[in-house]
Amino acid sequence: MATDLSDYAIIKEGEAEILMHAKNQVFYNKTQVNNRDVSIAVLRTFITKRKEEHEARLSKKTKTAVKESDKDASNCVVEEVPIEPANHEEKTNGDCEMAAEVSQDEPCSVSEEPEKVTEGKWHGELKPPRVLEALSASGLRALRYAREVEGIGQVVALDNDKDAVEACRRNIKFNGSVACSKVESHLADARVHMLTHPKEFDVVDLDPYGSPSVFLDSAVQSVVDGGLLMCTATDMAVLCGGNGEVCYSKYGSYPLRGKYCHEMALRILLACIESHANRYKRYIVPVLSVQMDFYVRVFVRIYSSASAMKNTPLKLSYVYQCIGCDSFHLQPIGRTVTKNTSVRYLPGFGPVVPQECSDCGKKFNMGGPIWSAPIHDQEWVTSILSDVKSMKERYPAYDRISAVLTTISEELPDVPLFLSLHNLCATLKCTSPSAVIFRSAVINAGYRISGTHVNPLGLKSDAPMDVIWDIMRCWVKNHPVKPQPADQSGTVILAKEPVLQANFARAVASLSKAQTKKVARFLPNPERHWGPKLRAGRTITSKHISLLGPEAVNEHLNHEDGEEHDAKRQKFEDQPTPN
């Protein structure tokens, strides 16, 4: 290899190794190890599920072929008996003779065709999945896929930066024969490449520095039916309501600033992907949606069906959030009416809320639309988690991703967004009950409740807001609060008598299995300044201490000062000496 390794640092992650130049020429983010580990775990499960689905289709088609061949064979037997005497009696009629020959041959030819198709198509081997990493940078993700995921096919790594493509090709060679045989790197615009290769990739991975919105339209077209789209969004300030108008322009949805804003970010991204897919008579099925570190990451399967696409309005909702007490309500966009066997699609009933909040009398903010259907497939989550636990030594970020997946496995799948117990208590200005006591009260009232992976203090429940406030009113009766001004939201809420008498006796299901076993579910960051690093090519200055840490910045600045001093000395030495 012609590369001078003294200019590079060797970074090892999983089974892959890459060469990183000291001048930050190509983007590499150490914190994305969690992202890459989760992606590998999902990809392994996808390959397994894909194989199972293929075998199920083969089995179904084989049974269908056998039934058809049996049916055709019985037709041959039935038709042969009357045809033979007719041919002997009416030999002079050529038309009848030809008709008889055709009628004899047709059933047999029909019965042979399924056998040919079965041999050629139905019993064909399933090809290894092709993966497209649309924004590869150093190529670390593509290399890990190729080296660590069994059964993976070709991995195509794209980038529109020459330095990145050179680095990727250098890293492919550095990783040996397996990487060279499976990974290919191209200098190309990801959008153009995906548009010119429709339905060619089993897996498309989008992990941009910022918003993925400009890539979604071409990405949903390049995935095969039943394929997997993996998408990251790191522009959390936009998705979480910091710039609502920008979010609407990029994702077609208006965000709300609540405690559940990170889950809303996930649901906005899913709604946006669904919107792009619908334009091509396609729809999505989420299998895993994760909010982790400083980004959201979704894994969705994409299918083509004009009829199934009609269900999209049933999966989307607007959100009404009270500006006084943070109560929220969902307004579905569509509904269906079934009569006999026909299904009619109609607009959703509304409004779900009055002009003023029935709890505190304040106005509502409206956001959305968001994806209000389940954001995880619990069967997939269970499979992914068991796979991760079975080969924990192969995941560098095992502790973090197993904790996140464990929490996701306990979430209520059919409940959008969540409550914050501390927010409820802040509204009422009361002391907070423990999470176990509050959970028990909800369960004793006949409703379900769970945690959420997005927020350690978040609680998902199918209990309506009036039940939640009744429980809090009962709590305040036992734990009185100081008098508050009459116009405060908490004062208005507490002025009403509770309809439901809460039972705070500890319920058996108030603790999840993971909590009972004391399994860690929310881990701290492994080091200080854990977050998105500088975009490739940016000059590192003392202003970046908050991102990189003082040690890293000082080391880089000292290195630059040393280089500058050496350059000046060389320039001085090269000058001719005066006579």
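Summary of the structure given here. Quantities reported herein were computed from a predicted structural model and do not represent experimental measurements. (Residues numbered from 1 in each chain as written. Predicted model: local features only at pLDDT ≥ 70, side-chain atom pairs only at ≥ 80, totals over all residues. Heavy atoms only, no water.)

1. A few points about the nonpolar core
- Counting 79 residues, the largest nonpolar core has Val204, Leu206, Leu229, Leu239, Ile273, Phe438 and Met472 as the members making the most contacts within it.
- Among the nonpolar cores identified, the runner-up in size contains 50 residues, and Leu228, Val381, Val404 and Leu405 belong to it. (Core = buried A, V, L, I, M, F, W, Y, C linked by side-chain atoms within 4.5 Å. Buried < 20%, exposed > 50% of the residue type's maximum accessible area, 1.4 Å probe, protein only.)

2. Overview of a nonpolar patch on the surface
- A cluster of nonpolar side chains, namely Leu314, Val343 and Tyr345, defines an oily patch on the protein surface of about 240 Å² accessible area.
- Residue position: Leu314 is located in the loop between β9 (295–304) and β10 (316–322).
- Look at Leu314 and you get partly exposed, because its relative accessible area is 33%. (Patch = residues over 30% accessible without salt bridge, like charges linked within 9 Å, V, L, I, M, F, W, Y side chains within 5 Å. Areas by Shrake-Rupley, 256 points an atom, 1.4 Å probe, with all protein chains shown as cover. Salt bridge = Lys/Arg side-chain N within 4 Å of Asp/Glu carboxyl O. Helix = DSSP H or I, 4+ residues; strand = E, 2+ residues; numbered from the N terminus.)

3. Quick notes on the sheet that holds strand β6 (residues 201–206)
- As summarised here, the arrangement of the seven strands in space is β5-β4-β3-β6-β7-β9-β8, forming an open sheet in which the pairing is mixed. With one partner strand each, in any of the chains shown, β5 (183–187) and β8 (282–292) form the two edges of the open sheet. Strand-to-strand twist across the sheet, computed as the mean angle between neighbouring axes with direction ignored, equals 15°.
- This element, helix α7 (residues 213–222), spans β6, β7 (223–233), β8 and β9 of the sheet and lies at about 150° to β7. (Pairing = 2+ DSSP bridges. Axes fitted to C-alpha atoms, helices over the stretch in contact; angles between N-to-C directions. Contact = heavy atoms within 4.5 Å.)

4. Focus: the pattern of salt bridges
- If you walk through the whole model with that rule in mind, you get 26 salt bridges.
- Across the salt bridge formed by Glu13 and Arg144, the nearest N and O atoms sit 2.8 Å from each other. Here Glu13, found in strand β1 (residues 8–13), pairs with Arg144, found in helix α3 (residues 140–148); they are 131 residues apart in sequence, far enough to count as distant.
- Measuring nitrogen to oxygen at the nearest pair gives 3.0 Å for the salt bridge that ties Glu379 to Lys49. With Glu379 in helix α11 (residues 378–390) and Lys49 in helix α1 (residues 33–89), this pair connects stretches of sequence that are 330 residues apart.
- Among the residues examined, Lys49 registers a relative accessible area of 11% and is labelled buried.
- Where salt bridges share partners, they join Glu13, Arg36, Asp37, Arg144 and Glu148 into one cluster.

5. What to know about helix α4 (residues 162–174)
- Helix length check: α4, at 13 residues, gives a terminal C-alpha distance of 18 Å against a target of 18 Å (1.5 Å per residue), a fit within 8%.
- Regarding α4, the residues found buried are Ala164, Val165, Ala167, Cys168, Arg170, Asn171 and Ile172.
- Contact partners of the buried residues in α4: β1, β2 (16–21), α3, β4 (155–159), α5 (177–182) and β5.
- The N-terminus of α4 is capped by Asp161, whose side-chain oxygen sits 3.2 Å from the backbone nitrogen of Asp163. (Expected span 1.5 Å × (residues − 1). Polar contact = N/O pair within 3.5 Å; in protein donor to acceptor, adjacent residues only side chain to side chain.)

6. Description of the environment of Gln488
- Tracing the chain through its elements places Gln488 in the loop between α15 (465–478) and α16 (489–494).
- Taking the C-alpha atoms as reference points, Gln488 and Cys360, separated by 128 residues in sequence, lie 8.3 Å from one another.

7. Remarks on the pairing of β10
- β10 sits mainly inside the fold: six of its seven residues count as buried.
- Where β10 and strand β14 (residues 364–371) come together, six bridges link them in antiparallel fashion. Along β14, the bridge assignment pairs Gln321 with Asn365.
- Looking at chain direction, β10 and strand β11 (residues 328–332) are connected through five bridges and run antiparallel. The residue bridging Tyr318 from the neighbouring strand is Gln331, located in β11.
- The antiparallel pairing of β10 with β11 creates a hairpin that spans five residues between the two strands, and Asp326 there sits at a positive phi of about 65°.

8. Quick word on the sheet that holds strand β15 (residues 419–420)
- Judged by pairing direction, the sheet is antiparallel, and its three strands sit side by side in the order β15-β17-β16 without closing on themselves. Unpaired on one side and paired on the other, β15 and β16 (449–450) mark the two borders of the sheet.
- Across two bridges, β16 lies against strand β17 (residues 458–461) in antiparallel orientation. Across the sheet, Ser450 pairs through a bridge with Lys460, a residue of β17.

9. Things to note about helix α9 (residues 244–251)
- Regarding α9, the residues found buried are Gly244, Cys247 and Tyr251. Seen end-on, α9 carries its buried residues on one side only, within an arc spanning 55°. For α9, exposure combined with an orientation more than 90 degrees from the buried face picks out Glu245 and Ser249.
- Along its buried surface, α9 packs onto α7, β7, α8 (236–239) and α10 (261–278).
- Positive phi shows up at Gly252, right after α9, with a value of about 70°. (Arc of directions from axis to C-beta.)

10. So, the packing of aromatic side chains
- Throughout the structure, instances matching the rule amount to five aromatic pairs.
- Taken together, a centroid distance of 5.1 Å and an interplanar angle of 80° make the contact between Phe294 and Tyr295 edge-to-face. Like Tyr295, Phe294 is buried.
- Consider the rings of Tyr320 and Phe364, whose centres lie 6.4 Å apart with planes at 85°: the pair is edge-to-face. In this pair, Tyr320 is assigned in strand β10 and Phe364 in strand β14, connecting sequence segments 44 residues apart.
- One residue, Arg335, lies across the ring of Phe349, its end atom 3.6 Å from the ring centre. (Phe/Tyr/Trp six-rings, centres within 6.5 Å; stacked < 30°, edge-to-face > 60°. Lys NZ or Arg CZ within 6 Å of the ring centre and 35° of its normal.)

11. Details of unusual backbone geometry
- A cis geometry characterises the amide bond from Gly350 onward to Pro351, with omega recorded as -5°.
- Of note, Pro351 is situated in the loop between β13 (342–347) and β14.
- Here the residue pair Gly368 and Pro369 is connected by a cis peptide bond, since its omega of 5° sits within 30 degrees of zero.
- The topology assignment puts Pro369 in strand β14.
- One non-glycine residue, Asn340, lies in positive phi territory at about 60°.
- Relative to the assigned elements, Asn340 resides in the loop between β12 (334–339) and β13.
- Non-glycine residue Leu417 carries a positive phi angle of around 60°.
- Residue placement: Leu417 occurs in the loop between α12 (398–409) and β15.

Just geometry here; none of it tells us what the structure is for.
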